[in-house]
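Here is how the chains run, residue by residue.
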Amino acid sequence: MLDIKEYLKPNTVQSAYEMGQMPNSLYVSGGLMVAQLKISSVERLVDLKGVGLSHIEDHGNAFKIGANAKISDLISNPSLNINGDFIKIALKEIGSTQIRNMATLGGSIAFKLGWSDVITIFMVLNSNLEIYDGKFSEISLETYAKKSMKGAIITAVEVPKTEGIAVFEKFAKSNFDIATLNLGLKIVLDGQIVKDARVVVGSRPMVSQRIKEVEEFLIGKHIKSASKDACDLIEKVIQVGSDIRASTNYRKALSKSLLDKALRRVQL
Ligand SMILES: Cc1cc2nc3c(=O)[nH]c(=O)nc-3n(C[C@H](O)[C@H](O)[C@H](O)COP(=O)(O)OP(=O)(O)OC[C@H]3O[C@@H](n4cnc5c(N)ncnc54)[C@H](O)[C@@H]3O)c2cc1C
C-alpha cells in the first residue's frame, strides 16, 4: 500500500511536471497500477486528469490522441479508423470492460509493463509519443520503451496513417488474463509481394520489441511462400525469457504459432 500524505490536482501540464519533480511524487492517471504499488517512499500523488489531454484528433496524416484518453474512448470513437478497424478490434483484447473504462493510454504506456498489449499495438503502428519534461518533444514509442525517462509526462500519442493491413494476436490463459505472449503484425502488400513488414512481440516477458530479422526476411518475398520460413525464423531469433506464466521454450513455440496465425489473417 502507498502511504499518501498529499494529493495534488494541477490543471496544466507544466505545473503537473513541476509537482512531479518534488521528491517522493508519483503521477496518477487511471490509477489502476498506482493502486497496486507497494512503494513506501511515495508520499505525494500528482493527478494528471485535471490537465485535459483526452482529445482524439485527426491531423490529416496522423491521429493525435491525448494521454488521458481511456482505452474505451478509443474503441468507441467513430472517426478513429487506423488500418481499418485494427485499433478497435485489438484494444478489445485488453482486460475487461471495467479495466478499459479506467485505464488511460498514457498510463498504459508509461508503466512499460512487459505484458502490455497497448505497447505492442501502438508500436506495430509506428507511433510516436509527445513528451513534456520541461519542454515538449517527440520520441518514437520504440525508443521510449528502451529508455529511462523518469519524471517525464506523456502528453499525447501520435499514430501515423499508413497503408497496409495490421493484426494483433494474443495468447492468454483466459479471456481476462494478461498475455503469455502477444504479437502485432503490419504488412504492406504489392499483389502477393511484401513491400513492408513490421513485427512486434510483447510479454516476452520483457517489454515489447520489434523483431527486425523477421521484418527484413519478409520484405520482397511472396507472402504465401515465405510464411513458413518466417515462422521458423521468429522461433530461432526471438529473445524471450521464462517466468510464472511460461518457459522460454514455450514462449518461442508460441511466437511461431502467433506469427503463423497473424500471417494467415493478413492474407484473407
Ligand atoms: C486486472 C487488470 C487487468 C489488466 N489487463 C490488461 C491487459 O489484458 N492488457 C494490457 O495491456 N493491460 C492490462 N492491464 C493494465 C492496464 O492497462 C494498466 O493498468 C493501465 O493501463 C495503467 O493505466 P492507468 O491510466 O490506470 O495508469 P496509472 O495506474 O494511473 O499509472 C501507471 C504508471 O504510469 C505513470 N503515469 C500515468 N500516466 C502517465 C503519463 N501521462 N505520463 C507519464 N507517466 C504516467 C504513473 O505514475 C504510474 O507509474 C490490466 C490491469 C489490471 C489492473
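Residues numbered from 1 in each chain as written. Predicted model: local features only at pLDDT ≥ 70, side-chain atom pairs only at ≥ 80, totals over all residues.

Got a sec to walk through unusual backbone geometry? Specific residues and values, please.
With omega at 20°, the peptide bond leading from arginine 204 into proline 205 counts as cis. Mapping proline 205 onto the fold places it in the loop between β11 (193-202) and β12 (209-210). Within the chain, leucine 53 stands out as a residue other than glycine whose phi angle is a positive 60°. Turning to its location among the elements, leucine 53 is positioned in the loop between β3 (44-47) and β4 (56-58). Although it is not a glycine, serine 203 adopts a positive phi angle of roughly 60°. Checked against the element boundaries, serine 203 lands in the loop between β11 and β12. (Helix = DSSP H or I, 4+ residues; strand = E, 2+ residues; numbered from the N terminus.)

Can you break down the site of the ligand residue by residue, with the values?
Gly30, Gly106, Gly107, Ser108 and Ala110 are the nearest of the 28 residues found near the ligand. Of all the elements in the fold, those that place two or more residues in the shell around the ligand are β2 (25-28), α4 (97-102), α5 (105-110), α6 (117-124) and β8 (153-160). A per-element tally of the shell around the ligand places α5 first, with four residues. Here the residues of the shell around the ligand are counted per class, giving 18 nonpolar, nine polar and one charged. Two domains each provide a minimum of three residues to the shell around the ligand, namely domain 1 (6-49) and domain 2 (56-160). (Near = placed C-beta within 6 Å. Nonpolar A, V, L, I, M, F, W, Y, C, P; charged D, E, K, R; others polar. Domains from an automatic or database assignment.)

Give me the sheet that holds strand β9 (residues 165-171): which residues, what numbers.
As summarised here, the arrangement of the four strands in space is β9-β10-β11-β12, forming an open sheet in which the pairing is antiparallel. Of all the strands in the sheet, the pair left with one neighbour each is β9 and β12. With two bridges connecting them, β11 and β12 associate as antiparallel partners. Paired with valine 201 across the strands is glutamine 209, a residue of β12. Against the sheet, helix α10 (residues 248-266) touches β9, β10 (181-190) and β11, its axis set at about 35° to β10. (Pairing = 2+ DSSP bridges. Contact = placed C-beta atoms within 7 Å. Axes fitted to C-alpha atoms, helices over the stretch in contact; angles between N-to-C directions.)

How would you sum up the sheet that holds β4? Please name residues and give values.
Read from one edge to the other, the open sheet built from five strands follows the order β4-β5-β8-β6-β7, with strand pairing classed as antiparallel. Of all strands in the sheet, those bounded by a partner on one side alone are β4 and β7 (136-140). Taken over all neighbouring pairs, the strand axes of this sheet differ in orientation by 25° on average, direction set aside. In this structure, strand β5 (residues 62-66) lies alongside β8, joined through five bridges in antiparallel fashion. Across the sheet, isoleucine 65 pairs through a bridge with valine 157, a residue of β8. In the packing of helix α1 (residues 13-20) onto the sheet, the strands contacted are β6 (128-132) and β8, and the crossing angle to β8 comes to about 130°.

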